[in-house]
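Each chain, letter by letter, is given below.
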Amino acid sequence: MAHFAELDENNVVLRVIVVSDDHQADGENWCNGKLGGKWKQTSYNTEAGVHNNGGTPFRKNYAGEGFTYNEELDGFIPPQPFNSWTVDEDTCLWKPPTPKPYGTGYSWNESTLSWDYA
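A brief look at the structure comes next. All values derive from a computational prediction rather than experimental measurement.

**Some thoughts on the packing of aromatic side chains**
Following the criterion strictly, the structure yields eight aromatic pairs and no others. Ring geometry for W85 and W115: centres 6.1 Å apart, planes at 55°, overall tilted. Residue W85 is located in the loop between β7 (75-77) and β8 (86-88), and its partner W115 is located in strand β11 (residues 114-117); the two are separated by 30 residues in the primary sequence. W115 shares its class with W85; the two are buried. Each ring, one from W108 and one from W115, has its centre 5.1 Å from the other, and the planes form 70°; the classification is edge-to-face. Judged by its relative accessible area of 19%, W115 is buried. Following the ring pairs from residue to residue traces out a cluster consisting of F82, W85, W108 and W115.

Shown next as structure tokens:
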């Protein structure tokens, strides 16, 4: 089975569907012909530019509703969690201005641009 993400006019993911292997080879065109719209294939096994099963990563991250497809990076980017965070072009994930401290219990404080320990 293959997964395909429907994109709006701004390349924001509207939904992700599963398509039979019979249509995987030309799935983007198949989705467009059957359902209309613009479609991009996404990989359920890809996260942060790494394939979870040791295979070849595909489009940086598995798409989800609200993600954005970046054509230049050929990757799906999740919604931005905070205004100060920037996209890591290798992983298409958001990174804070300062790295998270080691351990658990930390949360990002946007007003101070730092990590708070809860």
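So much for the structure itself; the text now carries on.
**Observations regarding the pattern of salt bridges**
Evaluation of the coordinates by the stated rule reveals four salt bridges. A salt bridge links K38 to E71, with the nearest nitrogen and oxygen atoms 3.1 Å apart. Residue K38 is located in strand β3 (residues 38-42), and its partner E71 is located in the loop between β6 (68-70) and β7; the two are separated by 33 residues in the primary sequence. In this structure, D74 and R59 form a salt bridge, with 2.7 Å as the shortest nitrogen-oxygen distance. Of the two residues, D74 is situated in the loop between β6 and β7 and R59 in the loop between β5 (50-51) and β6; the sequence distance between them amounts to 15 residues. The class of D74 is partly exposed, set by a relative accessible area of 34%. A relative accessible area of 12% places R59 in the buried class.

**What about the sheet that holds strand β1 (residues 2-7)?**
Spatial strand order, β2-β1-β3: three strands in an open sheet with antiparallel pairing. Bordering the open sheet on either side are β2 (13-19) and β3, each of which pairs with just one other strand. Across the sheet, the mean angle separating the axes of adjacent strands is 30° when strand polarity is ignored. Lying over the sheet, helix α1 (residues 27-35) contacts β1, β2 and β3, oriented at roughly 140° with respect to β3.

**Some thoughts on unusual backbone geometry**
Backbone geometry follows two general trends: most residues other than glycine have a negative phi, and most peptide bonds adopt the trans configuration. A positive phi angle is found at N11, which is not glycine, with a value near 65°. Note on placement: N11 falls in the loop between β1 and β2. One non-glycine residue, L113, lies in positive phi territory at about 55°. Within the secondary structure layout, L113 lies in the loop between β10 (106-109) and β11. You can call L113 partly exposed: its relative accessible area is 41%.

Scoring rules and cut-offs
Residues numbered from 1 in each chain as written. Predicted model: local features only at pLDDT ≥ 70, side-chain atom pairs only at ≥ 80, totals over all residues. Heavy atoms only, no water. Phe/Tyr/Trp six-rings, centres within 6.5 Å; stacked < 30°, edge-to-face > 60°. Helix = DSSP H or I, 4+ residues; strand = E, 2+ residues; numbered from the N terminus. Buried < 20%, exposed > 50% of the residue type's maximum accessible area, 1.4 Å probe, protein only. Salt bridge = Lys/Arg side-chain N within 4 Å of Asp/Glu carboxyl O. Pairing = 2+ DSSP bridges. Axes fitted to C-alpha atoms, helices over the stretch in contact; angles between N-to-C directions. Contact = heavy atoms within 4.5 Å.

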